[in-house]
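# Understanding the architecture of this molecule
Here is what each chain is made of, one letter per residue.
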Amino acid sequence: MTLQIGGSTAEQELAGIRADMSDVILIQPSEFAARVQKAARLMREQGVAALILPAGTSLYYFTGLRWYASERLTAAIITPEARVVFVTPTFEESKLRETLGDKAEIRLWDEEVNPALTVKGWLQDLGCTRGPLALDEAAQFFVFDALRQAIPDQPLINGMCITAECRMHKSAAELALMQKAKNITLDVQRRAARILREGISSFEVAEFIDRAHRAYGASPSTFCIVSFGEMTAMPHGPDGAQYLREGDNVLIDTGCKVGQYHSDITRSYVFGNPTARQREIWNLEKEAQAVAFETAQIGVPCEQVDAAARRVLEAAGFGPDYRLPGLPHRTGHGIGLDIHEWTYLVRGNTRPLAAGMCFSNEPMICIEGEFGVRLEDHFYMTEQGPKWFTAQSASIDLPFGT
């Protein structure tokens, strides 16, 4: 049997990594253009005058422009005719051109003017004066407030009626990027388990995970949860350092990015020999995860997947509902350019599952003062039903398969 927990060093594991990004194909211009066309169609159907996308992942999703969010407005305006106009400070034009090229339509505003008022004028030029303006849901409040004051005659609505409707259905190219990221993270998880030793700190493990993702050529995400013992019952882990002891539950939740698309995988196991109690709870978590996956079929409302996992736990005496000890959070979240994005496997979400949707499956069991178990793997919907991105844990003794 291949060693799965302990017995190796960080340097040995890093030396065994072979980076290969030769199979990575980034999102192509034709796909960005198709996304704009879909957004425009949705705008026409809903009577939306324009979609405004300040800096953020939706700006990248539709235009390919990656931009940091600051106090200065840089945004894209998409019209119902699929015209894309970029708005940015005058001194940033050359930086935008570097990404967008000379053919991009860019409108500039100077430092001494109110950019929201200039946006109003440009919307008038574009003929986008009838109907509501859809603003990206992740926009900073000052952007919303400035536009609300500058354009009082047009209501501002949540842009997710356009953005989420596009983003929650992944293309083959998006799935391929996420598949690569998840393959990398699963192997990093394997390697992280092998460097564990008594007394190792959670910070040392997290540092190794960051280095390992980088060694593969991936861009690490902004999160890495490493928890030992009682702290594994805390869904997002403690802030302080922990030190591993024999018999501790271990929970590691981490991910990376490839081509801007995320992975996010959690593994739970025991450092040493599991007790009967640890084994029982681990097996229950495995059952809840499996039932959630089996329930996720085309046309089934998202909330039913959450309910199915929760029934398994409640039958074993946990909960009920979102109470502890039990499952305090939703069973799964969407994933893509954001680590958590629409849509969600949670009570109250009646949206039917459809091809291209991607989800985490992580019905965690939290037992405060004792330990927690979370098995998190991701699946995507095909016309034939759900399909896992990566292999799941086989057992508490074999968290990475046979």
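Keep in mind it's a predicted model, so treat the numbers as computed, not measured.

## Describing empty space enclosed by the protein
One pass over the full model with this rule turns up one cavity of 30 Å³ or more. The calculated volume of the largest cavity comes to roughly 40 Å³. Per-class residue counts for the lining of the largest cavity are seven nonpolar, no polar and no charged.

## Some details on the packing of helix 10 (residues 276-295) against helix 11 (residues 302-315)
Put simply, helix 10 and helix 11 touch, their axes get as near as 8 Å, and they point 150° apart. With respect to helix 11, the axis of helix 10 lies roughly antiparallel. Classified by chirality, the crossing of helix 11 by helix 10 is right-handed. Packed against helix 10, whose contacting residues are Leu 284, Glu 287, Ala 288, Val 291, Ala 292 and Thr 295, the element helix 11 presents Gln 304, Val 305, Ala 308, Ala 309, Val 312 and Leu 313 at the interface. Its residues placed into classes, the contact of helix 10 with helix 11 shows nine nonpolar, two polar and one charged.

## Some remarks on the side chain of Ser 70
Tracing the sequence through the fold places Ser 70 in the loop between helix 3 (57-63) and strand 2 (75-78). Note on Ser 70: relative accessible area 17%, which makes it buried. Polar contacts involving the side chain of Ser 70 include one to the main-chain amide nitrogen of Arg 72, which spans 3.1 Å. Ser 70 has contacts with Gln 140 and Phe 142, leaving out every residue within four places of it along the chain.

## Observations regarding the nonpolar core
Across soluble globular proteins, nonpolar side chains have a tendency to be buried as a group. With 66 residues, the main nonpolar core has Phe 86 and Val 205 as its most contacted residues. Among the elements that make up this core, the one with the highest residue count is helix 8 (residues 172-194) (nine residues). Formed by 35 residues, the second largest nonpolar core is a distinct cluster that contains Trp 282, Ala 292, Leu 345 and Met 364.

## A few points about helix 6 (residues 141-150)
Within helix 6 the residues assigned to the buried category are Val 143, Asp 145, Leu 147 and Ala 150. Next to the buried residues of helix 6 lie strand 1 (50-54), helix 5 (115-125), strand 5 (133-135) and strand 6 (156-158).

## Digging into helix 10
Its 20 residues place the ends of helix 10 29 Å apart at the C-alpha level, agreeing with the 28 Å of an ideal helix rising 1.5 Å per residue. Inspection of helix 10 places Gln 278, Ile 281, Trp 282, Leu 284, Glu 285, Ala 288, Gln 289, Ala 292, Phe 293 and Thr 295 among the buried residues, and these make up the whole buried set.

## Focus on the layout of surface pockets
In this structure, the largest pocket encloses a volume near 320 Å³. What lines the largest pocket is a set of 16 residues, among which Phe 62, Thr 63, Val 84, Phe 86 and Leu 100 lie closest to the centre. At the level of elements, helix 2 (29-46), helix 3, strand 3 (84-89) and helix 4 (93-100) are the ones that each hand at least two residues to the lining of the largest pocket. For the lining of the largest pocket, the class distribution of residues is ten nonpolar, four polar and two charged. In this structure, the second largest pocket spans a volume of roughly 270 Å³. Of all the elements, strand 7 (residues 219-228) adds the most residues to the lining of the second largest pocket, at three residues.

## Points about the environment of Thr 57
One can find Thr 57 in helix 3. Overall, Thr 57 belongs to the partly exposed group, its relative accessible area being 26%. For Thr 57 and Asp 136, which are 79 residues apart along the polypeptide, the C-alpha to C-alpha distance reads 9.7 Å. Thr 57 has contacts with Arg 167, Leu 337 and Asp 338, leaving out every residue within four places of it along the chain.

## Quick word on the pairing of strand 1
Among the five residues that make up strand 1, five are buried, leaving the element largely enclosed by the rest of the structure. Of the two faces of strand 1, the one carrying Ala 50, Ile 52 and Pro 54 and the one carrying Leu 51 and Leu 53 are both buried. Relative to strand 5, strand 1 runs parallel, the two being bridged by three bridges. From the neighbouring strand, Ala 50 faces strand 5, where its bridge partner is Leu 133. Summarising the sheet, strand 1 and strand 2 pair through four bridges and their orientation is antiparallel. Looking at strand 2, one finds that Ile 52 is bridged to Ile 77.

Rules and cut-offs
- Residues numbered from 1 in each chain as written.
- Predicted model: local features only at pLDDT ≥ 70, side-chain atom pairs only at ≥ 80, totals over all residues.
- Heavy atoms only, no water.
- 1 Å grid on protein atoms, 1.4 Å probe; cavity = no way out; pocket = protein on both sides within 12 Å on 5 of 7 lines; lining within 4 Å.
- Points joined across faces, edges and corners; volume = space filled by probe spheres on them.
- Nonpolar A, V, L, I, M, F, W, Y, C, P; charged D, E, K, R; others polar.
- Axes fitted to C-alpha atoms, helices over the stretch in contact; angles between N-to-C directions.
- Helix = DSSP H or I, 4+ residues; strand = E, 2+ residues; numbered from the N terminus.
- Parallel < 35°, antiparallel > 145°, perpendicular 65-115°, else oblique.
- Left-handed = near helix turned anticlockwise from the far one by under 90°.
- Contact = heavy atoms within 4.5 Å.
- Buried < 20%, exposed > 50% of the residue type's maximum accessible area, 1.4 Å probe, protein only.
- Polar contact = N/O pair within 3.5 Å; in protein donor to acceptor, adjacent residues only side chain to side chain.
- Core = buried A, V, L, I, M, F, W, Y, C linked by side-chain atoms within 4.5 Å.
- Expected span 1.5 Å × (residues − 1).
- Pairing = 2+ DSSP bridges.

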